[in-house]
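# A closer look at the structure
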Amino acid sequence: MTSTADAEAAANELTPLADYLGSVLRRLRALPPLDLDLTQAYGNVLASDVVAPHSFPAFDQAAVDGYAARWEDLVGYGPVPSGGPGRAVRLNVVGDLGAASWRPVRLTPGSCFSVAAGAPMPIAADVVVPVEWTDQGMAAVEIFRTPKRGYGVRRAGEELPAGTVLARAGTYVAPALVAVFAATGIGHVVVRPSPRVVIVATGDELVDVGRGSQPGQVVDANSHALTAAAAEVGALAYRVGICDDDPEGLRGLLEDQTLRADLIITTGGTGTGPGDMVRRILSRREGGRVGPVTFTDVALYPGTALGFGTVGAEEVPVVCLPGEPGAALIGFEVLARPAIQLLAGAEPVFRPSVRAHLLETISSPGGLREFRPAHVAERRGGGYTVQPLSGGPYTLSGLAEANGLMVLGERVTTAAAGSTVDVLLLDRRR
């Protein structure tokens, strides 16, 4: 586990995080577009703009249950006297129209149709009187209150005229957007497929969950957490499980996974210690097989050693994260999550951020960009406040409570209470 003092001492030899991220993301491209049935498009990102082929509503229709009438008949310009104080307008009910009615009908002066919400409007009708404003008559109806012209009517194309751009490329297909597409006559959309992400935990010391750690054993928290994190972004996440520090076993496993992966994430073994086999194995190419992956010491806290490259003949991208759980999750946030977003064609690739007033003075290792768990809240008068939570070697416990990540730049060694800091917003469901 890296201490703050050790991190500060090594900071001058590290690659700035912004430079590293730029170099990695420039090597990635969004997945090829795919034409999907509307029922399968939810959760994907549009690959092109979507334009309404038809108007919505498609025809003039009643917006409420009531009586479709001519407004002139209600205000006394027709043969039926208008209702004055204590008087009602009386109209003949010449038929009933439901949402399934399709034959065109026309109103004559002094008459109306009983209509259900969604029913096509009769020709010449320009108002719908709600049922509760009448005596609910069947052959004739008395109307006690006169609405404004156009009340209760939805005109064709009033909400979405044909030719309207319904959504731009890069937009997530949400349930309401599915409804908009369907309502305007769209049955298929072109999207970027959800990236298939495979997560592999490495290390001889790892054991599966359901037990406590013993000397020489560490419970594998990372593969479970990273699978959940990838699914949260919208990826199709697959947890492979634990791979021992066996060179041939790791090579074979990664080559097998390239057949079903758009991105592979490994955790553990990214350092330079005697047991860090991932770095040793993936940083060299052997006979055209797995590799190469470049490992870089980045000015990031917690966790500095990150790897990125490709594996297999298909050159599937691979992201290598540290083995310490808190550092692995921070590494996912700053590197793997943007990579997944880019593959999915989503915009923007980074989480939204706000400026917030710090509630507590904190220190940060110089020369490193620290991502510290925090709780951010809106202030009554506007703006945000942020309360730092456990960070550094205790980042994992802090992340469990956090709804944001404070970002403290490389030149920040102390951030005073009352100062303003950047905070990434985590889209946690609470």
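Keep in mind that what you see is a predicted model, and the values were worked out from it rather than measured.

Here the focus is the environment of Val 189. Its place among the elements puts Val 189 in strand β12 (residues 188-192). Between the alpha carbons of Val 189 and Ser 23 there is a distance of 32 Å; along the sequence they are 166 residues apart.

We now examine the nonpolar core. Grouped together as the largest cluster of nonpolar side chains are 41 residues, with contacts concentrated most on Ile 265 and Phe 332. Of all the secondary-structure elements, those providing two or more residues to this core are α2 (17-25), β13 (196-202), α5 (222-233), β17 (263-267), β20 (305-311), β21 (316-321), α8 (325-344) and β26 (404-408). Looking at this core element by element, the count peaks at ten residues for α8. Setting aside its immediate chain neighbours within four residues, Phe 332 contacts Leu 226, Ala 229, Ala 230, Val 233, Ile 265, Leu 321, Arg 337, Pro 338 and Ile 340.

Now for empty space enclosed by the protein. Counted according to the given criterion, the structure contains one cavity of 30 Å³ or more. The volume enclosed by the largest cavity comes to roughly 60 Å³. Around the largest cavity, the lining comprises 14 residues; the ones closest to its centre are Gly 43, Tyr 172, Pro 195, Gly 234 and Ala 344. Partitioned by chemical class, the residues of the lining of the largest cavity number eight nonpolar, five polar and one charged.

Glancing now at helix α6 (residues 247-257). Where α6 is concerned, the buried positions are Leu 250, Arg 251, Leu 253, Leu 254 and Gln 257. Projected down its long axis, α6 carries its buried residues within an arc of 165°, all on one side.

Another aspect to go through is the pairing of β26. Buried residues dominate β26, accounting for five of its five residues. What you see with β26 is no split at all: Gly 404, Met 406 and Leu 408 on one side and Leu 405 and Val 407 on the other are buried throughout. Where strand β24 (residues 369-378) meets β26, five bridges bridge the pair, whose relative direction is antiparallel. When the bridges of β26 are listed, Arg 372 appears paired with Met 406. By the bridge criterion, four bridges tie β26 to strand β28 (residues 420-425) in an arrangement that is antiparallel. Directly across from Val 407, in β28, lies its bridge partner Asp 422.

Here we come to the sheet that holds β12. The strand order β1-β12-β2 describes an open sheet built from three strands, whose pairing is antiparallel. Two strands close off the open sheet at either side, each with one partner strand: β1 (34-37) and β2 (45-46). Here two bridges tie β2 to β12, and the two strands are oriented antiparallel to one another. Pairing of Leu 46 across the sheet is with Val 191, part of β12.

Before going further, it helps to spend a moment on the pairing of strand β6 (residues 89-97). For β6 and strand β9 (residues 140-143), the ladder comprises four bridges, and the chain directions are antiparallel. When the bridges of β9 are listed, Arg 90 appears paired with Glu 142. For β6 and strand β7 (residues 111-115), the ladder comprises four bridges, and the chain directions are parallel. Bridging across to β7, Leu 97 finds its partner in Val 115.

The rules behind each value
- Residues numbered from 1 in each chain as written.
- Predicted model: local features only at pLDDT ≥ 70, side-chain atom pairs only at ≥ 80, totals over all residues.
- Heavy atoms only, no water.
- Helix = DSSP H or I, 4+ residues; strand = E, 2+ residues; numbered from the N terminus.
- Core = buried A, V, L, I, M, F, W, Y, C linked by side-chain atoms within 4.5 Å.
- Buried < 20%, exposed > 50% of the residue type's maximum accessible area, 1.4 Å probe, protein only.
- Contact = heavy atoms within 4.5 Å.
- 1 Å grid on protein atoms, 1.4 Å probe; cavity = no way out; pocket = protein on both sides within 12 Å on 5 of 7 lines; lining within 4 Å.
- Points joined across faces, edges and corners; volume = space filled by probe spheres on them.
- Nonpolar A, V, L, I, M, F, W, Y, C, P; charged D, E, K, R; others polar.
- Arc of directions from axis to C-beta.
- Pairing = 2+ DSSP bridges.

Nothing here speaks to function; it is geometry throughout.
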